[in-house]
Amino acid sequence: MVACLRVPSLTSLLFPATTRYPASLRRTVYLRNRRPLSGFATAPSGTTASTETKSAEVDRLKSDRAVTPRTKDFNAWYLDVIGSAELADYGPVRGTMVIRPYGYAIWEAIQEYLNVKFKETGHSNMYFPQFIPYSFIEKEASHVEGFSPELALVTVGGGKELEEKLVVRPTSETIVNHMFTQWIHSYRDLPLMINQWANVTRWEMRTKPFIRTLEFLWQEGHTAHATPEEAEKEAKQMIEIYTRFAFEQTAIPVIPGRKSKLETFAGADITYTIEAMMGDRKALQAGTSHNLGQNFSRAFGTQFADENGERQHVWQTSWAVSTRFVGGIIMTHGDDTGLMLPPKIAPIQVVIVPIWKKDNEKTGVLSAASSVKEALQTAGFRVKLDDTDQRTPGWKFNFWEMKGIPLRIEIGPRDVSSNSVVVSRRDIPGKAGKVFGISMEASTLVAYVKEKLDEIQSSLLEKAVSFRDSNIVDVNSYDELKEAISSGKWARGPWSASDADEQRVKEETGATIRCYPFEQPKGTKTCLMTGNPAEEVAIFAKSY
């Protein structure tokens, strides 16, 4: 049973009625006061958010930086960027977050791309209830064991104690199978392939916005097949779609592979994953695809009559990516200035900043800026014209750089006279990224903007690939593995050791097997731990 609390607003907590900070200082305190967000990562979830002491607020007022440098404190930098770029804010229950419009627009871009790919591969969208009978969770033994610590339960409804407690959806394999059992009768009903966009709840003890929160948004696909070969093909197909999405849309060079037995999803036979290296060199599991075998179909009795009339259990998959991908984009590409978005995923690809000093210059500048906006929008670009006169051009430059807009177009009186614009790239700071005298003529400008956006997309990927590859160390012994992990890098080496050995590595180094990569080196291999023959190399890293 949940009690209702009236929680004061974050603004009122930071700025009591008796305190009269100027508006500019309010913004400084707000941007710098990241400790409630830091509390995401350090405090137990499920409690109401608290505020800093007044002395801490005053200390933050003295700082002239809105974003902590990445090299100084990566976690503080990450939280600062989320707040300053207006991606998300704190929910009143610790461990929850409110996704603000700009952050949600990034998620919408993810949805738009994946929705097309899902439908192209034969999947249909639908929706399942958020509340799941607890008895469903208990049916698959490894599933309930894996999820029990994270379950949120409802025991009271309508003022009365429920006959059976309900689970707030942590994932949907159980309820999906309950319904599949009613829908699947014959081989003619297969394959059954669906996807849902939904929220899930997992009662995490240590949380981090976008990366690990009590509630998050995701898509989860579920399929049922007549043969194990079809299920395996499906599971691999979906991890390939996630891989292409990561590379081509978000410019994140993930490593696709297979999870170890210890890291496999509870209830799956095989889990495939895409692993991304963040800016602090920790690994982020960015998406997974599970071959569930017949584990859930046997638990729920999900059967079909094959072509010979024999009753068979279906073979199943499930696969998902979540709003965690937004966090991955931030931590892969962001810099000390703030967010840096790949053009293909950016809600705004081009921001136009008109510049004038005298009133008689304003009309001509705004007219030219509007014409440029119209030309670019007609060509299909996502464009923002910042024509407000409440802020200076310099403030606007900083603000839109913080929000990671790939290209900025500046138009002043001289540019109007010469029928040209100034273009600045977000990924190249300062004068090096600024080009003067680009023609305002529509076809010329459209071609130039397209070329530069493509260059930025490619440049971000190349930079991320270089960073990833320079921080993966090939190792051939446990000592070398420990040295690589202690230096903050990923370790890649031959592995055929036991689950107990894998657990030992985790306990002694804090690293886990992120995956056995699909791309494997040729030749004979010797396990780095036991010295026995090994068929595969594994990647070890500390992770989120």
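Here, every reference points to the structure presented above.
In this report, the structure presented in the accompanying data block is examined. (Residues numbered from 1 in each chain as written. Predicted model: local features only at pLDDT ≥ 70, side-chain atom pairs only at ≥ 80, totals over all residues. Heavy atoms only, no water.)

### A closer look at the overall build of the chain
The condition that has to hold: Starting at the N terminus, helices and strands are each numbered in turn, a helix being any DSSP run of H or I of at least four residues and a strand any DSSP run of E of at least two. Think of it in three bands: with a 1.4 Å probe and only protein chains considered, a residue is buried below 20% of the maximum accessible area for its type, exposed above 50%, and partly exposed in between. Contacts: residue pairs with any heavy atoms within 4.5 Å of one another. Here the open area of atoms and residues is found with the Shrake-Rupley method and a 1.4 Å probe, where only the protein chains shown may cover a residue.
Counting secondary structure elements, the chain contains 18 helices and 25 strands. Burial analysis of the chain (544 residues in total) assigns 53% to the buried set. A separation threshold of at least 6 residues defines the contact pool for the chain, and within that pool the share at least 24 residues apart is 71%. Of the roughly 24,700 Å² that the chain leaves accessible, carbon and sulfur atoms contribute 50%.

### Remarks on the packing of aromatic side chains
The condition that has to hold: In this scheme Phe, Tyr and Trp rings, the latter by its six-membered ring, pair at centre separations within 6.5 Å, and the angle between planes marks the pair as stacked below 30 degrees, edge-to-face above 60, and tilted otherwise.
Under the criterion given, the structure shown has 14 aromatic pairs. Geometrically, the ring pair formed by F136 and F300 is edge-to-face, given 5.9 Å between the ring centres and 90 degrees between the ring planes. Here F136 is found in helix α7 (residues 134-139), whereas its partner F300 is found in helix α11 (residues 295-300), with 164 residues between them in sequence. There is no split in this pair, since F136 and F300 are both buried. Seen in terms of ring centroids, F216 and W218 are 5.8 Å apart; in terms of plane orientation they differ by 90 degrees. Their pairing is edge-to-face. What makes W218 buried here is its relative accessible area of 8%.

### Notes on the pattern of salt bridges
The following threshold applies: Should a side-chain nitrogen of Lys or Arg be within 4 Å of a carboxyl oxygen of Asp or Glu, the pair is scored as a salt bridge.
As enumerated under the stated definition, the model contains 21 salt bridges in all. In this structure, a network of salt bridges that share partners links the residues E401, R408, E410 and K434.

### Looking at the side chain of Q196
The condition that has to hold: Definition of a polar contact: a pair of N or O atoms within 3.5 Å, with one able to donate and the other able to accept a hydrogen when the atoms are protein atoms, and with sequence-neighbouring residues admitted only if both atoms are side-chain atoms.
Topologically, Q196 is positioned in strand β7 (residues 192-201). Relative accessible area serves as the criterion here: at 0%, Q196 is assigned to the buried category. Here the side chain of Q196 touches S172 through a polar contact of 3.1 Å, side chain to side chain. Side-chain polar atoms of Q196 contact the side chain of E220, separated by 2.8 Å. Once residues within four sequence positions are removed from consideration, Q196 is found in contact with M126, Y127, F128, R169, S172, W218, Q219 and E220.

### A closer look at the environment of A66
For A66, the position within the fold is in the loop between α4 (54-61) and α5 (74-84). Assessed through its relative accessible area of 27%, A66 is described here as partly exposed. Here the alpha-carbon distance between A66 and T337, two residues 271 residues apart in the chain, equals 9.0 Å.

### What to know about the packing of helix α6 (residues 101-120) against helix α10 (residues 228-248)
Which entries qualify depends on this criterion: Only the contacting stretch of a helix is used when fitting its axis, a line to C-alpha atoms as for every element, and angles between N-to-C directions run 0 to 180 degrees. If you view the pair so one helix is near and one far, a crossing is left-handed when the near helix is turned anticlockwise from the far one by less than a right angle, and right-handed when it is turned clockwise. As a working rule, the residues Ala, Val, Leu, Ile, Met, Phe, Trp, Tyr, Cys and Pro are called nonpolar, Asp, Glu, Lys and Arg charged, and the rest polar, with Gly in that last group.
With their axes 11 Å apart at the nearest point, α6 and α10 run at an angle of 145 degrees to one another. Considering only the axes of α6 and α10, their crossing is right-handed. Across the interface between the two elements, I110, Y113, L114, K117 and F118 of α6 pack against M238, I241, Y242, R244, F245 and E248 of α10. Its residues assigned to classes, the contact of α6 with α10 comprises eight nonpolar, no polar and three charged.

### A look at the sheet that holds strand β22 (residues 512-517)
Applied cut-off: Strand pairing follows a simple DSSP-based rule, namely that at least 2 bridges must link the two strands.
Spatially, the 11 strands line up as an open sheet ordered β3-β7-β8-β14-β11-β10-β9-β22-β25-β21-β20, and their pairing is mixed. For this open sheet the edge positions go to β3 (124-125) and β20 (472-474), each flanked by a neighbour on one side alone. Across three bridges, β22 lies against strand β25 (residues 537-541) in antiparallel orientation. Considered in β25, the bridge of T512 is made with A541. Running over the sheet, helix α17 (residues 478-486) touches β20, β21 (490-494) and β25 and is turned about 160 degrees from β21.

### Observations regarding the pairing of strand β5 (residues 153-157)
Looking at chain direction, β5 and strand β6 (residues 160-168) are connected through four bridges and run antiparallel. Considered in β6, the bridge of L153 is made with V167. Joining the antiparallel neighbours β5 and β6 is a turn of two residues, in which G158 adopts a positive phi near 65 degrees.

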